[in-house]
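Listed here are the chains, written in short residue letters.
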Amino acid sequence: MAPAIWVDADACPAPVKDILFRAATRTGLQLTLVANKLLRVPPSPHIRAVQVAHGFDAADRYIEEAVGSGDLVITADIPLAAAVLARGAHALEPRGEWFAPGTIHERLQMRALMNDLRDSGVMSGGPSAFSTADSRSFAAALDGFLVRRTGR
């Protein structure tokens, strides 16, 4: 069975969504964007948007419950990535880096440490701005996945 693609769309960069729209059209795979706000998506039988209720991690919970083994989830959320990996799905960051079962525990620990540092005022700020290089890296990682899984 062909994998579905799920997107944690609340904070997903627009260039990544555009890449995903083109990929869904090209491959015919089902692409579902999940967010707690209304999303505009191109008209396509392969692309849909799901608006979930406002609330902490509502989109993450929806994706975690809906994802199937072998599906692909696009997210920057490490706990969501850990949950979908545990269900046999794949997880890819919008910057093109794969989450892996062998390293997800360490990434969860690093996330907790960074949150503690930010909360204590030792560190501030977040990730750098999304760049053209990030977009290219994501497109390459996605294309590699699609070729391996679908031949398209």
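I will try to describe carefully the structure that is included in this document. Since the model is a prediction, treat every value here as computed from it, not as a measurement. Starting afresh in each chain, residues are numbered from 1 along the sequence in its written order. Per-residue local features of the predicted model are confined to residues with pLDDT of at least 70, and side-chain atom pairs are confined, for both listing and counting, to 80 or more; whole-chain, interface and lining totals are unaffected and use all residues. No hydrogens and no water enter the side-chain calculation; it runs on all heavy atoms of the structure.

Here's the deal with the environment of Ala-2
In this text, helices come from DSSP runs of H or I with a minimum length of four residues, and strands from runs of E with a minimum of two, each type numbered from the N-terminal end. Secondary-structure assignment places Ala-2 in the segment before strand S1 (5-8). In sequence terms Ala-2 and Asp-71 are 69 residues apart; their C-alpha atoms lie 8.1 Å from each other.

Remarks on the sheet that holds strand S3 (residues 47-51)
By definition, two strands form a pair when at least two bridges between them are found by DSSP. What the six strands build is an open sheet, ordered S3-S2-S1-S4-S5-S6; its pairing is mixed. Among the strands making up the open sheet, the edge pair consists of S3 and strand S6 (98-99). Both strand S5 (residues 90-92) and S6 contribute to a ladder of two bridges, which runs antiparallel. The partner of Leu-92 across the bridge, within S6, is Trp-98.

Considerations on the packing of helix H2 (residues 58-66) against helix H3 (residues 78-86)
Where helices are involved, their axes are fitted lines through C-alpha atoms of the stretch in contact, as for all axes, and angles between N-to-C directions lie from 0 to 180°. Where H2 contacts H3, the axes come no closer than 9 Å and their chain directions differ by 10°. In terms of orientation, H2 lies roughly parallel with respect to H3. Residues Asp-60, Ile-63 and Glu-64 of H2 touch H3, and the partners they reach there are Leu-80, Ala-83 and Val-84. Residue composition of the contact of H2 with H3, grouped by class: four nonpolar, no polar and two charged. We call two directions roughly parallel when the angle between them is under 35 degrees, roughly antiparallel when it is over 145, roughly perpendicular when it lies between 65 and 115, and oblique otherwise. Here a residue-residue contact requires only that any non-hydrogen atoms of the pair lie within 4.5 Å. For this classification, Asp, Glu, Lys and Arg are treated as charged, while Ala, Val, Leu, Ile, Met, Phe, Trp, Tyr, Cys and Pro are nonpolar and the rest, including Gly, are polar.

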